[in-house]
Amino acid sequence: MENSDCDSIDWNTDDELEISGLPSSRPTLTTPGGETITCNGGGTITCNGEDSSAGPSSSKLVRHFVSMGFSQALVTKVIDENGEDSAESAILETLLTYSTLENTPGDNSPEEHPPVDFDLSSSEYDEGLYDLSDSDCWSENEIEEDTDSSSEKDKKLRSLKNMGYPVEEAEIAMERCGPGASILELTDFICAAQLARAEDANFPYEVKPKVKLENGRLKKRKMYPELYGRKKHRGIEEDGETIRLPKPMVGFGLPPDFGIRDSSLVIQKRNLPEEAMGPPYFYYENVALTPKGVWDTISRFLYNIEPEFVDSKYFCAAARKRGYIHNLPIHNRFPLLPIQPRTINEAFPLTKRWWPSWDTRTKLNCLQTAIASARLQDRIRKAIEKYDGEPPAIVQKYVLDECRKWNLVWVGRNKVAPLEPDEVEVLLGFPKNHTRGGGISRTDRYKSLGNSFQVDTVAYHLSALKPLYPKGINVLSLFSGIGGAEVALYKLGIPLKTVVSVEKSEVNRNVVRSWWEQTNQQGNLVDYEDVRQLTADRLEQLIDTFGGFDLVIGGSPCNNLAGSNRVSRDGLEGDQSILFYEYFRIVDDVKNIMAERRGSNR
């Protein structure tokens with residue numbers, strides 16, 4: 001989607017196992033105290049054949065964690081806070097958090113830890129920096145119901161307060177991450193927000209007010225009653241999910257030697273309804289993992305065209321699961337050259353020196369709109385440095401989970417760090433320093449990149465247009481972001497005669513304008529801020545001025561669709577994602593207006 005954490009992350013889905021090649025066997029280790037530990041999954045650990053989740057004695061737990069290098073006083077304190085029946089993985093997370101705080105001067109005292117203002121809202125169309133709603137690493141069977149008791153929430157709030165975090169920041173973190181988030185994830189969230197505030201001193205502290213209806217749900221803004229009426233008239237049913245996500249997620253087929261050799265996965269032909277056939281062509285993109293029925297609705301509005309679901313891990317070294325609905329030809333596609341490195345070590349060879357043998361990742365997870373906090377990076381380093389050789393399996397699992405979640409790479413001995421913006425640009429197929437052209441902050445660069453197209457994936461789909469437009473193409477680019485579609489067409493060698501770009505964010509508009517000038521584009525670039533400015537009359541004027549559009553491309557905001565957004569995952573009726581209906585309206589208007597023009601010229 002070019003525009004636009006918590007306990008239930010399923011890192012071991014079939015897709016993640018395919019990426020990382022994780023072993024399915026249960027790791028075992030022997031502690032310095034002589035206990036044999038087996039990690040059973042689900043947070044339970046067997047010590048000397050006894051299941052710790054079945055009610056281990058407090059003394060055994062204390063001995064176990066003391067043998068790992070933690071002080072007895074700290075272990076006793078954490079067990080008292082979490083309870084003896086808590087999973088050992090949760091106790092370990094809290095121990096690591098407290099250890100870092102104790103070793104960081106000033107961080108464990110509320111008086112020495114001044115509050116830092118930060119923003120957890122976004123007035124733009126695209127996804128807010130801290131929602132991470134562009135992330136597609138969530139399990140498809142994610143449970144959305146809030147099952148935590150208020151007492152558990154109060155307990156976590158007290159813990160965060162005792163750790164020195166301002167209450168207002170702790171409350172916002174719990175609201176955004178969801179009540180099921182662990183203490184570790186809540187502290188990471190707060191620190192990431194503080195880091196963002198430190199990067200951009202003008203980042204205001206503001207939380208959007210909530211308006212609740214009688215049923216307790218957030219008020220929804222139905223902006224387009226005529227479209228809702230048209231939807232009902234068409235007989236579209238919201239209930240039920242008929243569109244299933246394929247595994248592997250390879251769309252209608254990949255280029256030769258791109259990791260899939262099963263010819264049965266290649267779609268030989270498809271039948272488009274007459275009203276959908278181009279030109280003009282259209283191309284729509286959004287996150288693959290959406291609430292039930294969303295892709296059915298999108299498909300039915302866009303002429304009942306079957307979505308093409310593709311994971312960009314086949315085109316680069318990072319996963320990015322997306323769905324595309326389009327009326328483009330599907331034959332004679334070709335990939336961009338040179339082909340991108342498709343493993344982490346190929347993309348970043350300098351990491352090989354420091355990469356531990358127990359980190360089996362070969363691909364990065366979905367590139368997000370935010371990065372891990374410095375506190376988390378320090379916590380990981382200290383957790384590993386407690387051991388002379390390889391850390392125990394339970395510590396390895398903790399580190400690997402955090403590395404996968406935040407896409408951390410090894411940059412030194414026992415040291416991990418997030419990718420730099422220019423490294424993210426390369427993974428996503430943009431020119432290096434593409435997002436520096438707009439003169440934007442480092443924080444905004446991450447945000448804009450996290451919401452962008454993966455250029456190589458989109459270019460493969462658009463490549464079928466090259467023989468059709470040898471003299472150039474007129475593009476209507478909706479929710480343009482940082483210009484992923486424009487970059488893809490340019491890299492394919494398709495001249496850009498006219499681009500009408502619609503993008504809410506001034507930061508992103510500046511990036512596209514800078515790229516346009518730096519690449520010496522000879523065509524016309526016209527900017528609009530809001531898709532609602534493109535009324536039928538305005539579209540007629542643009543079509544008459546430029547001779548029509550050959551391609552309408554874009555992806556409406558995923559804010560209310562993505563699995564990691566637990567606050568307002570309202571589907572296509574959400575405040576931002578409802579703009580999908582504007583995309584449909586514009587495509588429909590463009591096709592009708594151009595059909596009328598062709599009829600009148602006969």
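Located above this text is the structure these notes cover.
Q: Sorry if this is basic, but what is going on with the environment of serine 463 here?
A: Mapping serine 463 onto the fold places it in the loop between helix H15 (455–462) and strand S10 (473–478). Each C-alpha atom of the pair serine 463 and leucine 489 lies 7.9 Å from the other, and the pair is 26 residues apart in sequence. Dropping the residues within four chain positions of it, serine 463 is found in contact with Asn332, Arg333, Phe334 and Leu492. A distance of 2.7 Å separates a polar atom in the side chain of serine 463 from the backbone oxygen of tyrosine 460.

Q: When you look at the sheet that holds strand S6 (residues 308–311) in this model, what are you seeing that I'm missing?
A: Two orientations exist for strands paired in a sheet by backbone hydrogen bonds: parallel and antiparallel. The strand order across the open sheet formed by 7 strands is S6-S7-S5-S13-S10-S11-S12, and the pairing between neighbours is mixed. Strands at the two margins of the open sheet, each flanked by one partner only, are S6 and strand S12 (524–528). When strand polarity is set aside, the average angle formed by the axes of neighbouring strands in this sheet is 20°. In this sheet, strand S7 (residues 321–326) lies alongside strand S5 (residues 281–287) in antiparallel orientation, the contact comprising 5 bridges. Bridge pairing in S7 links valine 287 to arginine 322. Packed on one face of the sheet, helix H17 (residues 506–518) meets strand S11 (496–502) and S12 and runs near 175° to S12. Across the sheet, helix H18 (residues 536–546) is in contact with S10, S11 and S12; its angle to S12 comes to roughly 175°.

Q: Just to check I follow, could you spell out H18 for this structure?
A: Leu539, Leu542 and Ile543 are the residues of H18 that are buried. End-on, the buried residues of H18 take up no more than an arc of 100°, which puts them together on one face. Looking at H18, the residues exposed on the side facing more than 90 degrees away from the buried face are Asp537 and Thr545. Within two residues after H18, glycine 547 carries a phi angle of roughly 80°, on the positive side.

Q: How should the packing of aromatic side chains be read in this particular structure?
A: How two aromatic rings sit relative to each other is set out by the distance from centre to centre and by the angle between their planes. Inspection of every chain in the model, using the stated rule, returns 14 aromatic pairs. Judged by centre distance (5.4 Å) and plane angle (70°), the ring pair of tyrosine 284 and phenylalanine 580 falls under edge-to-face. On the criterion of sequence distance, the pair formed by tyrosine 284 in strand S5 and phenylalanine 580 in helix H19 (residues 580–600) is long-range, its members being 296 residues apart. Each member of the pair, tyrosine 284 as well as phenylalanine 580, carries the same accessibility label: buried. Connected via pairs of aromatic rings, a cluster forms that spans Tyr284, Trp295, Phe301, Phe309, Phe580, Tyr581, Tyr583 and Phe584.

Q: Looking at this structure, how should I read helix H12 (residues 393–406)?
A: Since the α-helix turns once every 3.6 residues, residues separated by three or four places project in the same direction. When the terminal C-alpha atoms of H12 are compared, their 20 Å separation across 14 residues agrees well with the 20 Å that a helix rising 1.5 Å per residue should span. The buried fraction of H12 is high, at 13 of 14 residues. Two residues or fewer past H12, asparagine 407 is found with a positive phi of approximately 55°.

Q: Just checking my understanding: could you explain the side chain of arginine 585 for this structure?
A: The topology assignment puts arginine 585 in helix H19. Classification of arginine 585 by relative accessible area gives buried; the value is 17%. Within the structure, the side chain of arginine 585 is placed 3.4 Å from the backbone oxygen of valine 531, a separation counted as a polar contact. Separated by 3.0 Å, the side chain of arginine 585 and the backbone oxygen of leucine 534 make a polar contact. If we skip the residues at most four places from it in the chain, arginine 585 touches Val531, Arg532, Leu534, Thr535 and Ala536.

About the thresholds
- Residues numbered from 1 in each chain as written.
- Predicted model: local features only at pLDDT ≥ 70, side-chain atom pairs only at ≥ 80, totals over all residues.
- Heavy atoms only, no water.
- Helix = DSSP H or I, 4+ residues; strand = E, 2+ residues; numbered from the N terminus.
- Contact = heavy atoms within 4.5 Å.
- Polar contact = N/O pair within 3.5 Å; in protein donor to acceptor, adjacent residues only side chain to side chain.
- Pairing = 2+ DSSP bridges.
- Axes fitted to C-alpha atoms, helices over the stretch in contact; angles between N-to-C directions.
- Buried < 20%, exposed > 50% of the residue type's maximum accessible area, 1.4 Å probe, protein only.
- Arc of directions from axis to C-beta.
- Phe/Tyr/Trp six-rings, centres within 6.5 Å; stacked < 30°, edge-to-face > 60°.
- Expected span 1.5 Å × (residues − 1).

Purely spatial values, then, with no claim about function.
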